[in-house]
Structures are given as C-alpha cells and as structure tokens.
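# Descriptive structure summary
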Amino acid sequence: MNLTIKDTFNTELPADHLKENTRRQVMQACFSFVTPKSTSKPGIVHASKELARDLGLTENDLKSEEFKNIFTGNSILPDTNPYAMCYGGHQFGNWAGQLGDGRAINLFEVNHNNKQWALQLKGAGETPYSRTADGLAVLRSSIREYLCSEAMYHLGVPTTRALSLALTGDQVLRDVLYNGNPEYEKGAVVCRVAPTFLRFGNFEIFSARQDKKTLKTLSDYTIRHFFPHLKEGTKEGYLDFFREVTNSTLDMIIHWQRVGFVHGVMNTDNMSILGLTIDYGPYGWLEGYEEGWTPNTTDRQYKRYRYGNQINIGLWNLYQLANALFPLIEDAKPLEAILKEYLENYATKYLSMMKSKIGLFKPDGNDPELLARLESNLQLTETDMTIFFRNLSHIAKDSPTNDNFLAPVWDAFYVQEEVKGHILEKWKLWFTDYKSRLQKESISDGERAEKMNKVNPKYVLRNYMAQLAIDGADKGDHTLINEFFQLLKHPYQEQSTAEKWFAKRPEWARHKVGCSMLSCSS
Ligand code: AMP
Ligand code: MG
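Residues numbered from 1 in each chain as written. Chains lettered and ligands numbered in written order. Predicted model: local features only at pLDDT ≥ 70, side-chain atom pairs only at ≥ 80, totals over all residues. Heavy atoms only, no water.

Annotation of the protein chain at the domain level lists domain 1 (9-197), domain 2 (206-356) and domain 3 (358-522). Across the boundary between the two partners, domain 1 contributes 28 residues, which contact 26 residues of domain 3. Buried surface at the junction of domain 1 and domain 3, summed over both partners, amounts to about 2300 Å²; 68% is from carbon and sulfur atoms. Connecting domain 1 to domain 3 are one salt bridge. In this structure, Lys489 engages Glu50 in a salt bridge whose closest nitrogen and oxygen atoms are separated by 2.6 Å. Connecting domain 1 to domain 3 are 11 residue pairs in polar contact (both at pLDDT 80 or more). Of all elements in the fold, only β2 (43-47), β8 (137-138), α5 (139-155) and β9 (161-174) reach the threshold of two or more residues within the side of domain 1 that touches domain 3. Looking at the side of domain 1 that touches domain 3 element by element, the count peaks at 12 residues for α5. In terms of residue class, the side of domain 1 that touches domain 3 is built from 16 nonpolar, four polar and eight charged. (Domains from an automatic or database assignment. Contact = heavy atoms within 4.5 Å. Buried area = accessible area lost by both parts, 1.4 Å probe. Salt bridge = Lys/Arg side-chain N within 4 Å of Asp/Glu carboxyl O. Polar contact = N/O pair within 3.5 Å; in protein donor to acceptor, adjacent residues only side chain to side chain. Helix = DSSP H or I, 4+ residues; strand = E, 2+ residues; numbered from the N terminus. Nonpolar A, V, L, I, M, F, W, Y, C, P; charged D, E, K, R; others polar.)

Quick look at the structure:
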C-alpha cells in the first residue's frame, strides 16, 4: 500500500497527556492516543473500490494481508499514531457532558489528488471515551452503516463514506431490544472516511467547560483546513464559519427529505461540522410517506427525530453550536441573524426541492398549496414514497383525469382497497390541478420525466433490504451485501434485473425488528 500520510489533527491540536487507555474525563485536549484492539480472526467482507481509488489504493491493495490487518486494527501503519476524539453533545435535548469516540479510532489522514481524508475504524475497541460500553460493533449495525453511507453518496446526499467492512472473528454481547435478553453476535469493524469527523459536540465540550483557549485552537484548525477561504482568528471568520455550517446542515437535511431518509438520532454529537450525514445508527427510509415516522424505538414516545421534524432539529442543534462558538464572537445578534436566515432559506430551498420532485420549475404562487395538498394526500392511506415520486414522471400532462387516472402511481398504494370515496376524490382533484399546472411548464413530458428521474431515486436501501443482507451475513452468505452495494451505486438508473427491489415493503417486514423498529443497540 502506498498511501500519502499527512496527519493534521493529531499533530496540530492539543493531545491528552495521559497515554493509558482508561476511561476518564479528558480536559484541555482534543483527543487521546489509543491503540486499536487485536481481533482473533479478521476477514474483509467487502471493500469499496471507488473510494479506494480516491485514496490512492489499488484493487490489489484491497486483497492484501496488510490491508486486512490495518483496517481491522490488527496492525498500525508505521509512523502513524491512532487516536480517539474528545467531544460532548446534547442527546435528545439534554446536555450529556463528555461523550467522545467511544468505539471509533482514527488511524491517520491521507492526502491524495489534493484532497485530505481522515480514516477511522468503528468498533475497534475501547478508548478513554467508552464510558460503560465495550468499544465494539456488531455485524448487523456495521452492514447497515457500510451499505447506507455508500448508497447515500451515490444518491448525491452529503455523507461520510465507508472503505471496508470486516469481521473481527470475535463475539460481541448485545441486548437488541434492551429487555434483558442479551445474545452473542458477530463482531465487525467498518473503516469510515471523511475529510474530517468533527462534530458540533467537539466545539460544545470546550465551551461547556469554559475552556476558551482550546475552543479557539480547534476553531482555527477547522477554518484553516476545511474552510480555508475564511479568516481564522477573527470574529468575522468565526461568524462566516458558523454561516457555512448552517447552510450545509440545511442542505443536507433537505436532501434527506428529498430521498425519504430519517436519521433517527440527530443528537449534536451526531452532527458533522461539514454537513455530512454521520453515524448511521437506527436510521430508516420512509416506506409509507408519513411525517410522524421514526425508526428509532428509543424515541418512540416523543418522536423528536421523526421525518417531519428533522429541519426543526437541525435548527435546534445549530443553536447549540451558536452557543458553543459564542465565546469567540461575543455578540449574539449576528448569530441570531444567521439562524433566522436558516428558516428563510429553508422555505425557499424546500419549495424548490419539492417542486423538482414533481417536475415543476417555473415560479407559480400556487405551488406551495399544491405541494401541501400532495403531502396531505400521501398520508391519507399508506403510500410508498419512493414508488409514488418515481412513477409520477409517467403522468402525461394532456391525459384525461378519467377512471384510470391513478394507474401510473397505483403500485405505490399499500392498501389499494382504501383508495376510494373521499380519498379518491381528493386525489382526483389534486391530479386535475397538477396536470393543469404542468401545462404552464414549457417542457415535454419526456424532458420532465428525465429531470424528475434525477431527483427521485428508483432504488434506496429499504429497511427490509438491509435486514435481508444481515440475515444472510449472519449465516455467512454475503451475496446480498454485494448485490445491494452494486445496485445502489446507480440509484437513479433503471436496472432491469433489479425490478424486485423497486417494490413495496413486504408485509412480513411491517413490524419486524431491524426493518421498521430499530434500537440504538449496535
Ligand atoms: P451514538 O448514539 O451511537 O451516536 O453514540 C453516543 C456515544 O456513545 C458516542 O460517544 C459513542 O462513541 C458511544 N458509544 C456507542 N456505542 C458504544 C460502544 N459499543 N462502546 C463504546 N462507546 C460507545
Ligand atoms: Mg454518535
């Protein structure tokens, strides 16, 4: 392997002076040096050739013993110093104090084609931040992270990436439903990759501890490396930095809304400073379009992180980041102005994203109402989001709204017998208005369909699909991991051999653990 190592985080920022791997509060430091745990029988299950290329790795590298050993934590590349990051966070609305990389260990940073990448192992053993947990990850959650982060990348959603998925050969004890029934599962390690893994919580921790010095050092480092066009060391630089984080966070969440992704645990320790989707835990994909849906059973009661609340939570989290950066800016007004812009920009960006999903591009004052009615209709009966929007492109603007008017989107309805009476009337009215609105656009049906198919994916990692891949892998069969990895590289393309994955969720998966119900256990 011929990687160009260029470490910045662990060379430019203050380190924890203690070297022992004991759990503790780490003060005035951005990270602690730590060595990944050796595993009994490491084996690579899958590796991303596309990402490998971006890092300067060859296909042969991926098959080497060296690759296997390094990316399972069983050996360390010479002259590199792995470390775990210190951060805090607001969890479910409450300040939780120090969290940190409890089971993520950063290996090194790579520079390739003028791009900087941080590589980290998730599930490689305990760190000073492991609190009461074991620092490990199970195969089930590692498959979910590996497949989904690459799928999101190919959907055009900003995200951390995944280089490899490996088995450790060790067993890990987990109580999936937190009901006193722990069982052993296969242990796994994912190598994930991003320009940086910095989160809102990395800034919050220093502010909470009134450690302005380290807060400033970290903020200057972040601006220098990831926002180099901004001025470090000045109040306006910190404000511009906050504005950029605000904008990229909003853009990311709008992408989530576009594809029907529900993150599930939008705590501030899971919010990337680069606006990347990070920490794939109990996330899920909307099957039936439902604003109140969350896959996370831990959040069952208040549904704080439900699909329809993600934009609000983004704002709430940005308030926490604003508070964290306040000591460097000492003026609340411009911070509040940026937060206000978030809501204004949201209205504009959300409208234009939703319009693109239904193939409308010209300005028209009635579009917000047309879209609001669509969102309400979609929830009258269970309606598959992916199928509905994808097949909406089959509507011809000149077609009559006769008895058959729903035929192009009929497959999207889960309980077709319910689509009658006043529900059918509402749809009829909507399609009549939609078609007359389409008349005002100057493009043909074909051109519109082409544009719509670039924003409405045909294939997403449906919740039950991930579970099928997991069930196979538990028995040692990795066929579906390979199949889904390939399929989801081209989510907007018709793939004639994959029609069966463009279908409603099967009934058996409706209430199955791992499909519609996810716990944080991972
Ligand atoms: P999450 O809810 O997965 O974002 O995790 C919240 C915090 O718990 C982070 O600090 C994680 O590093 C930590 N954590 C989660 N699972 C484990 C584990 N198995 N061992 C150690 N720390 C963990
Ligand atoms: Mg996390």
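From this point, the discussion proceeds with the structure in view.
We now examine the site of ligand 1. Every one of the 17 residues lining ligand 1 counts as a neighbour, but Gly100, Gly102, Arg131, Gly135 and Asn270 are closest to it. A distance of 2.6 Å is found between an oxygen atom of ligand 1 and a backbone nitrogen or oxygen belonging to Gly100. A breakdown of the residues in the shell around ligand 1 according to their chemical character gives four nonpolar, six polar and seven charged. Mapping the shell around ligand 1 onto the domain boundaries places at least three of its residues in each of domain 1 (9-197) and domain 2 (206-356). (Near = heavy atom within 4 Å.)

Assignment of secondary structure puts Lys458 in the loop between α14 (445-452) and α15 (463-474). Lys458 gets classed as buried once you look at its relative accessible area, which sits at 5%. There is a polar contact of 2.6 Å between the side chain of Lys458 and the side chain of Glu494. With residues near it in sequence (within four places) discarded, Lys458 still touches Thr386, Arg390, Pro491, Tyr492, Gln493, Glu494, Glu499 and Phe502. (Buried < 20%, exposed > 50% of the residue type's maximum accessible area, 1.4 Å probe, protein only.)

The backbone of Asn113 sits at a positive phi, close to 50°, despite the residue not being glycine. On the secondary structure map, Asn113 appears in the loop between β6 (104-112) and β7 (115-122). You will see that Arg131, though not glycine, has its phi angle at about 50°, which is positive. Among the structural elements, Arg131 can be located in the loop between β7 and β8.

Moving on, we get to the pairing of strand β10 (residues 183-194). The element β10 is extensively covered by neighbouring structure, given that nine of its 12 residues are classed as buried. Examined bridge by bridge, β7 and β10 share five bridges and lie antiparallel to one another. Bridge assignment links Leu119 to a residue of β10, and that residue is Val193. Sheet topology places β8 next to β10; two bridges connect them, and they run antiparallel. Paired with Ala137 across the strands is Ala188, a residue of β10. Pairing between β9 and β10: 10 bridges, direction antiparallel. In the strand pairing of β10, Ala162 is matched with Arg192. (Pairing = 2+ DSSP bridges.)

What follows covers the coordination of the magnesium ion (ligand 2). Every protein donor of the magnesium ion (ligand 2) is listed here as Asn270 (OD1) and Asp279 (OD), and their distances to the metal cover 1.9 to 2.2 Å. The same class applies to Asn270 and to Asp279, which are both buried. (Donors = N, O, S within 2.8 Å, 3.2 Å for Na, K, Ca; no water.)

Considering all chains together, one arrives at zero disulfides under this definition. Cys148 takes part in no disulfide bond, and the closest cysteine sulfur to it belongs to Cys515, at a distance of 14 Å. Taking the relative accessible area as the measure of exposure, Cys148 reaches 0% and is therefore buried. Here Cys191 is not disulfide-linked; the sulfur of Cys148 is the nearest cysteine sulfur, at 17 Å. (Disulfide = S-S within 2.5 Å.)

According to the stated counting rule, one finds 37 salt bridges in the structure shown. Measuring nitrogen to oxygen at the nearest pair gives 3.6 Å for the salt bridge that ties Glu344 to Lys340. Of this pair, Glu344 and Lys340 both sit in helix α10 (residues 332-357), four residues apart, roughly one helical turn. For Asp433, the salt bridge goes to Arg373, with nearest N and O atoms at 2.8 Å. Placement of Asp433 in helix α13 (residues 421-438) and of Arg373 in helix α11 (residues 367-378) is noted, with a sequence separation of 60 residues between them. Look at the salt bridges and you will find they share partners, linking Lys355, Asp364, Asp367, Arg437, Lys440 and Glu441 into a network.

The next subject is the packing of helix α9 (residues 310-329) against α10. In contact at an axis separation of 10 Å, α9 and α10 are set at 160° when each is read in the N-to-C sense. Classified by the angle between their axes, α9 and α10 sit roughly antiparallel to one another. The two elements α9 and α10 cross, and the hand of that crossing is right-handed. From α9, Ile311, Gly314, Leu315, Leu318, Tyr319, Ala322, Phe326 and Ile329 reach across to α10, where they touch Ala332, Leu335, Leu339, Tyr342, Leu343 and Tyr346. Residues of the contact of α9 with α10, tallied by class, amount to 13 nonpolar, one polar and no charged. (Axes fitted to C-alpha atoms, helices over the stretch in contact; angles between N-to-C directions. Parallel < 35°, antiparallel > 145°, perpendicular 65-115°, else oblique. Left-handed = near helix turned anticlockwise from the far one by under 90°.)

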